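Fold and contact review
Each chain, written out:
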Amino acid sequence: MLAVLFSSSLPISCRKSCPFGIWAIELADDGLSLKPGAGKRKIAGDQYEGTYIHKRDGYYYLIVSTGDFMKDYHVVVGRSRSLMGPYVDRAGRDMLGVHHELVVGNGNGFVAPGHNAEFITDDKGQDWMLYHTRLEVGGPRYLLLDRIEWNDGWPEVRGHVPARSAEAPVFE
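Residues numbered from 1 in each chain as written. Predicted model: local features only at pLDDT ≥ 70, side-chain atom pairs only at ≥ 80, totals over all residues. Heavy atoms only, no water.

Turning our eyes to something else, we now look at the pattern of salt bridges. Counted by the stated rule, this structure contains 9 salt bridges. Of the charged contacts, one joins Arg56 and Asp57 as a salt bridge, the two residues approaching to 3.6 Å between their closest N and O atoms. The partner of Arg56 in a salt bridge is Asp127, and the shortest N-O contact between them spans 3.3 Å. One end of the pair, Arg56, is in strand β4 (residues 49–56); the other, Asp127, is in strand β10 (residues 127–134), and 71 residues separate them in sequence. Overall, Arg56 belongs to the partly exposed group, its relative accessible area being 27%. On the basis of relative accessible area, Asp127 is assigned to the buried category, the value being 4%. Counted as one network, the salt bridges with shared partners bring together Arg56, Asp57 and Asp127. (Salt bridge = Lys/Arg side-chain N within 4 Å of Asp/Glu carboxyl O. Helix = DSSP H or I, 4+ residues; strand = E, 2+ residues; numbered from the N terminus. Buried < 20%, exposed > 50% of the residue type's maximum accessible area, 1.4 Å probe, protein only.)

Rendered as structure tokens:
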């Protein structure tokens, strides 16, 4: 099954009829057209953006950003056995209800980490995440690369804060 994920934001011309949140729609086997009869389905709440899905050990992980992108932005995650959801936190609460697990947030001299990119697996089997962060509220963004640790089946950056220094991924 393939799906297209999209999030909506408030364009200037949009009023109360705009759909917010993270939505998915199933694609046909060719990956280029919609599956006949497919309809869009909301899979996460209105405050999320910057979606990425990572599949691991039978779960789909919906990784998104949330918060004020200038000061308390952070990366969070929910998981599901189905690509189309529901995506839930450790307690089984749905991301439609604003429930999630923290991947990385403010700390270690960094503020507003978010907008993660694809997880990259190095030749040692370690997962890595690219994302941006700031050194001060409202300051410019910097690109960071941190290793993802899997804690009881959930992805997180060590200590849930950006690293000041770390080992490098291994590519041979």
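Under the counting rule described, the total for this entry stands at 5 aromatic pairs. Taking 6.1 Å as the distance between ring centres and 55° as the angle between the ring planes, the aromatic pair formed by Tyr59 and Tyr61 counts as tilted. Considered together, Tyr59 and Tyr61 belong to a single accessibility category, that of buried residues. Plain terms: the ring middles of Tyr61 and Trp154 are 6.3 Å apart, the flat faces sit at 85° to each other, and that makes the pair edge-to-face. Linking Tyr61 in strand β5 (residues 59–66) with Trp154 in strand β12 (residues 154–157), this pair joins segments that are 93 residues apart in sequence. What makes Trp154 buried here is its relative accessible area of 3%. Grouped by ring-pair contacts, the aromatic residues Tyr52, Tyr59, Tyr61, Phe119, Trp150 and Trp154 constitute a single cluster. Just above the ring of Trp23 sits the side chain of Lys40; from NZ or CZ to the centre is 4.9 Å. The ring of Tyr59 carries Arg81 above its face, with NZ or CZ at 3.8 Å from the centroid. (Phe/Tyr/Trp six-rings, centres within 6.5 Å; stacked < 30°, edge-to-face > 60°. Lys NZ or Arg CZ within 6 Å of the ring centre and 35° of its normal.)

This part covers the layout of surface pockets. Estimated volume of the largest pocket: approximately 200 Å³. In this structure, the largest pocket is lined by Asn108, Asp146, Arg147, Glu149, Val157, Arg158, Val161, Pro162, Ala163, Ser165, Ala166 and Glu167. Looking at the lining of the largest pocket element by element, the count peaks at 3 residues for strand β11 (residues 141–151). (1 Å grid on protein atoms, 1.4 Å probe; cavity = no way out; pocket = protein on both sides within 12 Å on 5 of 7 lines; lining within 4 Å. Points joined across faces, edges and corners; volume = space filled by probe spheres on them.)

With that settled, the discussion passes to the nonpolar core. Counting 16 residues, the largest nonpolar core has Ile63, Val103 and Met129 as its most contacted members. Mapped by element, the contributors of at least two residues to this core are β5, β6 (74–80), β7 (101–104), β10, β11 and β12. In terms of residues, this core owes the most to one element, β5, which gives 3 residues. Non-local contacts of Met129, meaning those with residues more than four positions away in its chain, are made with Val75, Val103, Val104, Asn116, Ala117, Phe119, Leu144, Leu145, Asp146, Ile148 and Val157. (Core = buried A, V, L, I, M, F, W, Y, C linked by side-chain atoms within 4.5 Å. Contact = heavy atoms within 4.5 Å.)

Pro86 follows Gly85 through a cis peptide bond whose omega is 5°. Relative to the assigned elements, Pro86 resides in the loop between β6 and β7. Its identity as a non-glycine residue notwithstanding, Val98 has a phi of 65°, on the positive side. As for its position among the elements, Val98 is in the loop between β6 and β7. Take Val98: its relative accessible area is 43%, and that puts it in the partly exposed class. Phi at His115 is positive, roughly 45°, even though this residue is not glycine. Note on placement: His115 falls in the loop between β8 (111–114) and β9 (119–121).

What follows concerns the sheet that holds β4. Pairing within the open sheet is antiparallel, and its 4 strands lie in the order β4-β5-β6-β7. Two strands bound the open sheet, and with one partner strand each, they are β4 and β7. Across this sheet, the average inter-strand angle for adjacent strands is 30°, counted without regard to direction. Bridge count between β4 and β5: 6 bridges; the pairing is antiparallel. Within β5, the position partnered with His54 by the bridge is Tyr61. (Pairing = 2+ DSSP bridges. Axes fitted to C-alpha atoms, helices over the stretch in contact; angles between N-to-C directions.)

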